[in-house]
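Here's the letter readout for the chains.
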Amino acid sequence: MMKNAELILLNMKDKIPNDAIFAFKESLEKADDDKYQAMLLLNLKNPIIGLLLSLCIGIFGIDRFYKGDIGLGIAKLVIIFGAYLGSFSLGVFGGYDLKTSALIVIPILVMLAFIVALIWYVVDIFCVFFGIKKDNLRKIYAVLG
């Protein structure tokens, strides 16, 4: 059984938080054979793929879709496309037929949407990477009981 625990730990150590490896190893050593089999069948997400998605196309929420946070992925998508549509409409219509107050408020709202999207993009680079590791650990402990 010890050999199985070492093999599973070696296989999963990059997919769980570093500070949980020692406790995970202890839990593995106490587990029985059927739990080993169940852990081999777990569908764990790769945090490196989540990180790459965050860096490359995370502004569109694809990283959140990969992680499983569908609602947050849709929210990111709505914010960035809302900002693009807002800036496009300002460029096309050039502010014609808008009241003076709208000429001030609409560009500010568009700029705020871009700023929110950019901040969210940068924060999610870390949140998605470490969040995937925590989600994987939760899945493992659900199997281990």
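Residues numbered from 1 in each chain as written. Predicted model: local features only at pLDDT ≥ 70, side-chain atom pairs only at ≥ 80, totals over all residues. Heavy atoms only, no water.

J.: Is there a simple way to explain the environment of Leu85 in this structure?
T.: Its location among the elements puts Leu85 in helix 6 (residues 70–93). Using a relative accessible area of 58% as the deciding quantity, one classes Leu85 as exposed. Distance from Leu85 to Val110, taken between C-alpha atoms, is 8.8 Å for residues 25 residues apart in sequence. (Helix = DSSP H or I, 4+ residues; strand = E, 2+ residues; numbered from the N terminus. Buried < 20%, exposed > 50% of the residue type's maximum accessible area, 1.4 Å probe, protein only.)

J.: What should I look at first to understand the side chain of Ser54 in this one?
T.: Topologically, Ser54 is positioned in helix 4 (residues 47–57). According to the relative accessible area criterion, Ser54 is buried, its value standing at 0%. With residues up to four places along the chain from it excluded, the contact list for Ser54 reads Asp63, Tyr121, Asp124, Ile125 and Val128. (Contact = heavy atoms within 4.5 Å.)

J.: When you look at the pattern of salt bridges in this model, what are you seeing that I'm missing?
T.: Where charged atoms of side chains with opposite charge meet at close range, the side chains can pair. Scanning the model with the defined rule gives eight salt bridges in all. For the salt bridge of Lys76 with Asp124, the shortest nitrogen-to-oxygen distance reads 2.9 Å. Separated by 48 residues along the polypeptide, Lys76 in helix 6 and Asp124 in helix 7 (residues 100–144) bring together distant segments of the chain. A single burial state applies to Lys76 and to Asp124, both of which are buried. By sharing partners, the salt bridges in this structure join Asp63, Arg64, Lys67, Asp69, Lys76, Asp124, Asp135 and Arg138 into a single network. (Salt bridge = Lys/Arg side-chain N within 4 Å of Asp/Glu carboxyl O.)

J.: Looking at this model, I keep getting lost on the side chain of Lys133. Mind explaining?
T.: Residue position: Lys133 is located in helix 7. Within the buried set, Lys133 has no salt-bridge partner at all; the shortest N-O distance to an opposite charge, 6.2 Å, is to Asp14. Setting aside its immediate chain neighbours within four residues, Lys133 contacts Asp14, Lys15, Ile16, Pro17, Asn18 and Pro47. (Lys, Arg positive; Asp, Glu negative; His and termini not counted.)

J.: Can you walk me through the packing of aromatic side chains in this structure?
T.: Geometry of an aromatic ring pair is reported as the spacing of the ring centres plus the angle between the planes. Counted according to the given criterion, the structure contains three aromatic pairs. A ring pair is formed by Tyr84 and Phe114, whose centres lie 5.4 Å apart and whose planes are at 75°; its orientation type is edge-to-face. You can see Tyr84 sitting in helix 6 and its partner Phe114 sitting in helix 7, a full 30 residues away along the chain. Residue class for Tyr84 comes out partly exposed when judged on its relative accessible area of 40%. Summarising the aromatic geometry, the rings of Phe129 and Phe130 are spaced 5.0 Å apart at their centres and angled 80° between planes, so their arrangement reads as edge-to-face. Given a relative accessible area of 44%, Phe130 falls into the partly exposed group. The ring of Tyr66 carries Lys45 above its face, with NZ or CZ at 5.5 Å from the centroid. (Phe/Tyr/Trp six-rings, centres within 6.5 Å; stacked < 30°, edge-to-face > 60°. Lys NZ or Arg CZ within 6 Å of the ring centre and 35° of its normal.)

J.: Help me understand helix 4 in this model?
T.: Think of an α-helix as turning once every 3.6 residues; residues three or four places apart then point the same way. The complete set of buried residues in helix 4 reads Pro47, Gly50 and Ser54. Seen end-on, helix 4 carries its buried residues on one side only, within an arc spanning 55°. The N-capping residue of helix 4, defined by a side-chain oxygen 2.9 Å from the backbone nitrogen of Ile48, is Asn46. (Arc of directions from axis to C-beta. Polar contact = N/O pair within 3.5 Å; in protein donor to acceptor, adjacent residues only side chain to side chain.)

J.: Before we go on, may I ask you to explain the nonpolar core in this structure?
T.: Soluble globular proteins tend to bury their nonpolar side chains together. In this structure, Ile8, Met12, Phe24, Leu28, Met39 and Ile140 are the most contacted members of the largest nonpolar core, which totals 15 residues. Of all the secondary structure elements, the ones that give two or more residues to this core are helix 1 (2–12), helix 2 (21–30), helix 3 (33–40) and helix 7. The biggest single contributor to this core is helix 1, with four residues. (Core = buried A, V, L, I, M, F, W, Y, C linked by side-chain atoms within 4.5 Å.)

The quantities given are spatial measurements derived from coordinates; they are silent on function.
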